[in-house]
There are 6 protein chains.
Amino acid sequence: MSGGLSHFDPSGQAHMVDVSDKAVTDRIATAQAWVKMSATTLTHVTEGTAKKGDVLGIARIAGIQGAKKTADLIPLCHPLPITKVALDLTPDANLPGVRITATVKTTGQTGVEMEALTAASTAALTIYDMLKAVQKDMEIGGLRVTLKDGGKSGRFEG
Amino acid sequence: MSGGLSHFDPSGQAHMVDVSDKAVTDRIATAQAWVKMSATTLTHVTEGTAKKGDVLGIARIAGIQGAKKTADLIPLCHPLPITKVALDLTPDANLPGVRITATVKTTGQTGVEMEALTAASTAALTIYDMLKAVQKDMEIGGLRVTLKDGGKSGRFEG
Amino acid sequence: MSGGLSHFDPSGQAHMVDVSDKAVTDRIATAQAWVKMSATTLTHVTEGTAKKGDVLGIARIAGIQGAKKTADLIPLCHPLPITKVALDLTPDANLPGVRITATVKTTGQTGVEMEALTAASTAALTIYDMLKAVQKDMEIGGLRVTLKDGGKSGRFEG
Amino acid sequence: MSGGLSHFDPSGQAHMVDVSDKAVTDRIATAQAWVKMSATTLTHVTEGTAKKGDVLGIARIAGIQGAKKTADLIPLCHPLPITKVALDLTPDANLPGVRITATVKTTGQTGVEMEALTAASTAALTIYDMLKAVQKDMEIGGLRVTLKDGGKSGRFEG
Amino acid sequence: MSGGLSHFDPSGQAHMVDVSDKAVTDRIATAQAWVKMSATTLTHVTEGTAKKGDVLGIARIAGIQGAKKTADLIPLCHPLPITKVALDLTPDANLPGVRITATVKTTGQTGVEMEALTAASTAALTIYDMLKAVQKDMEIGGLRVTLKDGGKSGRFEG
Amino acid sequence: MSGGLSHFDPSGQAHMVDVSDKAVTDRIATAQAWVKMSATTLTHVTEGTAKKGDVLGIARIAGIQGAKKTADLIPLCHPLPITKVALDLTPDANLPGVRITATVKTTGQTGVEMEALTAASTAALTIYDMLKAVQKDMEIGGLRVTLKDGGKSGRFEG
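Worth saying up front: this structure is predicted, and the values here are computed from it rather than measured. (Residues numbered from 1 in each chain as written. Chains lettered and ligands numbered in written order. Predicted model: local features only at pLDDT ≥ 70, side-chain atom pairs only at ≥ 80, totals over all residues. Heavy atoms only, no water.)

A. Highlighting the overall build of chain A. Per the secondary structure count, chain A includes four helices and five strands. Reading the secondary structure of chain A in the N-to-C direction produces β-α-α-α-β-β-α-β-β. Its C-alpha atoms give chain A principal-axis dimensions of about 50 × 30 × 25 Å. Here chain A holds 158 residues, and the buried ones make up 62% of them. A total of about 5400 Å² of accessible surface is found on chain A, and carbon and sulfur atoms cover 48% of it. (Helix = DSSP H or I, 4+ residues; strand = E, 2+ residues; numbered from the N terminus. Buried < 20%, exposed > 50% of the residue type's maximum accessible area, 1.4 Å probe, protein only. Areas by Shrake-Rupley, 256 points an atom, 1.4 Å probe, with all protein chains shown as cover.)

Right, here's the structure in full:
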């Protein structure tokens, strides 16, 4: 089914695609996202990080745990033995808001870009949750894969 | 702590905020998001919906189940007896891509905007997962709350 | 949509149906199932119950925990504050095998027949798992709702 | 403990049996089940599949996700890196009802028949849930393993 | 069954006890625990809290999330709509180690002492996990209920 | 970061540490705990084990399932393919109470001491839950790792 959607069989029915013949290789993926907010809201983040009310610390933990829940959240994802999850959360006064990068690694038979996206997305949602008492019209965007490597389909950089 | 972050106590430590004295009321929230893709990728969605490979049908189920997992994903969210979840997923040739609207209701002591955001986000991630075999540089964005009503803080429209 | 499938909206899209206007009432449901096995296999159950290798005790716990996972397993089920789960597991030499009855109660806005079915089903699967080392061709059947009461649609006995 | 129940130690206490010395091999299992309903109820399924109200599409997704939850549902099951899940759901006018076949693969140290049974069972329960608004006395049965292969105990066909 | 174990029925079989006739009241429970470690290990905690490597912040989040998983972990616990979770984590140079107090509230039909114990226990385990790279022979103890109030059985202080 | 906390990167941010370059080896860990109670309460356990009201049998199952939830409970734990879980639960009239030993094995890239601790802790909490109707001031303690072997850091006995 060249160029087609691998999550569907030839008759169009969804399945968790068979990866049992794929090689076990080291795989890595990174994903990015941002949470846009007012400059005033951002001060709650930057002050909290330094002293108390650690918004980014909590979002980082949520993102790591989110990566582990990927196969539970995304119906056709394979459960994977994740070997690394890291999140970089950086306040950006020009956005203004927080920029998120999630990196996930595995040694397995399929890629981890969904795990990286889920980690970034969960961290973004947690930042929203922490700050929604002071601003309701924040926006989450820019959620995309920026690196995927280690599988048969080769290296992708976005 | 007027104007402050309710998820932190006066000393700056995170807690699940006490809502036991808040009234049990009917609450509703809606959230939106989009998945941007190439026009070619979008044809996989539109053809699938009509005939086979039902990308949107699967994303809708994932979004509904995602709403139910909100308190598990977002550390300081209260578990809530959700009374309704609906997702509207519409192909948009001008984006091009898919526009997502999630609506969640509860009869409880706290709002459901995080549940609506999580539903929309999970549906968007599932659409990405379904289509990533044909396009890796799709982007998810526009994730925000568009309606929140039923609590003490009144009606919010975004 | 009289006589129709409430889990779909008028355009045929799945949703978790809105129950926020339904009354909070005491609800109960029971479901049954059986696991058919050889008479020899059944002796592993009956001897274990009396002395060691407590197959039915473990299946009972699995069934109770299964009831609590219903909304996680069945996509359009509402999360419910279950107030009681009980499982009756009885060896039946005439089957031969084990007969299962699950009873679930809630005080809520929707019925618990799916919780009762899931409890019975999970107990049956656990019995299979415990005994599969000695017999692989056991069969699970007779899974059905035998009582549902407490909601607007009245009493059902099956 | 030849011919005995491997899930219990010599003193009769349950344990998750040690598989660390078993070979990592490719394993496959299939399981079947059916949902019996009236001919009228079945028309809701067959019309839905073609156009809207896609009962079988939703049950298929639930079954795939159910397979991934097996170790969480069945107390003594090992967590396994599932490499494939597929469900075949076929309306059968002679039953009348729906026939379910679930196929699961892994590359691991223990078999996947419980995963196949759980996938089939979860799909069956979801079909019941979708259709219970029009018929409450449907019955689920015929749940059994039809193929298990790839482990030390050889090929089983049921 | 005066004075008996309510989690078992008269025939000795486990069940999730029926609470549907109990009043919905405001309930609170607190539980305590400690993690004993060397004075050197404790400096990793105290320095981390002040500057970086926030052991206690992560343990606090884990404890809050642990409280929400109580009904999933403890077989016969009822799922409850938790309305508050807070954890107090205090370094104690005299122990030496960390002292943990967890407070949980609900408005429901049964108490939350298991939720408080699970929150304290999960926080303690997370502290162990964070610090085990520098000390393996830490010990967790003193896990007990210190307050339970709001139900029919009256106030308990431990 | 010799002697430091591996769960934090050089800038002090938490991450799930990269184990992808570690060898896949057979690993084992054991952990212990106890639940202290009155002699009268202990009779509920000892009588139940023999005939009915099987407190220890239920705690054993909860402990096994708890081990499988470790990566979900402890934020920075890696998901692991557990290959064995066993719990030994022994009434001790001198305590008086119940002594718990949990043994967990894996073939993987990181150790299983957190899984052993979580199994022991979950079993202890379940024993408390079963018996709290007759005694509220029980105490859980002595939770520690007694053996860890199979990784690069060598054998640890506690």
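B. Quick peek at the relation of the copies chain F and chain A. Placing chain F over chain A gives an RMSD of 0.0 Å and needs a rotation angle of 120°, together with 0.0 Å of translation along the axis. One copy is carried onto the other by what is essentially a three-fold rotation axis. Nearest to the rotation axis, the C-alpha of P81(F) is located 4.5 Å from it, this being the minimum over chain F. (Least-squares fit on C-alpha atoms with pLDDT ≥ 70 in both.)

C. Inspection of the relation of the copies chain A and chain B at higher detail. Note on the copies: chain A fits chain B at an RMSD of 0.0 Å, the axial shift is 0.0 Å, and the rotation between them is 180°. Accordingly, the operation relating the two chain copies is best matched by a two-fold axis. Among all residues of chain A, the one whose C-alpha sits closest to the rotation axis is G141(A), at a distance of 1.9 Å. A share of 100% of the interface residues of chain A reappears at the interface of chain B, consistent with the copies meeting face to face through the same patch. (Contact = heavy atoms within 4.5 Å.)

D. Main features of the interface of chain F and chain A. Every contact between the two is made by 18 residues of chain F and, on the other side, 15 residues of chain A. For the pairing of chain F and chain A, the buried interface totals around 1300 Å² over both sides, and the portion due to carbon and sulfur atoms is 51%. Here chain F is connected to chain A by two salt bridges. Notably, a salt bridge pairs K69(A) with D72(F), separated by 2.6 Å at the nearest N-O pair. Taken together, the links from chain F to chain A amount to 11 residue pairs in polar contact (both at pLDDT 80 or more). (Buried area = accessible area lost by both parts, 1.4 Å probe. Salt bridge = Lys/Arg side-chain N within 4 Å of Asp/Glu carboxyl O. Polar contact = N/O pair within 3.5 Å; in protein donor to acceptor, adjacent residues only side chain to side chain.)

E. Focus on unusual backbone geometry. Put simply, L95(B) and P96(B) share a cis peptide bond, and its omega is -20°. Relative to the assigned elements, P96(B) resides in the loop between β2 (82-92) and β3 (97-108).

F. Region of the structure containing the environment of A23(F). Position of A23(F) relative to the elements: it lies in the segment before β1 (25-36). Separated by 90 residues in the primary sequence, A23(F) and E113(F) place their C-alpha atoms 17 Å from one another.

G. Representation of the interface of chain A and chain B. Contacts between the two partners involve 53 residues from chain A and, on the opposite side, 53 residues from chain B. With both sides pooled, the region where chain A packs onto chain B buries about 4300 Å², and carbon together with sulfur makes up 70% of that total. In terms of surface lost to chain B, no three residues of chain A exceed L5(A), L125(A) and K136(A), which account for 14% of the buried area on that side. Linking chain A with chain B are two salt bridges, by the criterion used here. In this structure, the connection of chain A to chain B is made through nine residue pairs in polar contact (both at pLDDT 80 or more). Those elements that provide at least two residues to the side of chain A that touches chain B are α2 (55-68), α3 (70-73), α4 (113-131) and β4 (139-149) of chain A. The element that contributes the greatest number of residues to the side of chain A that touches chain B is α4(A), accounting for 12 residues.

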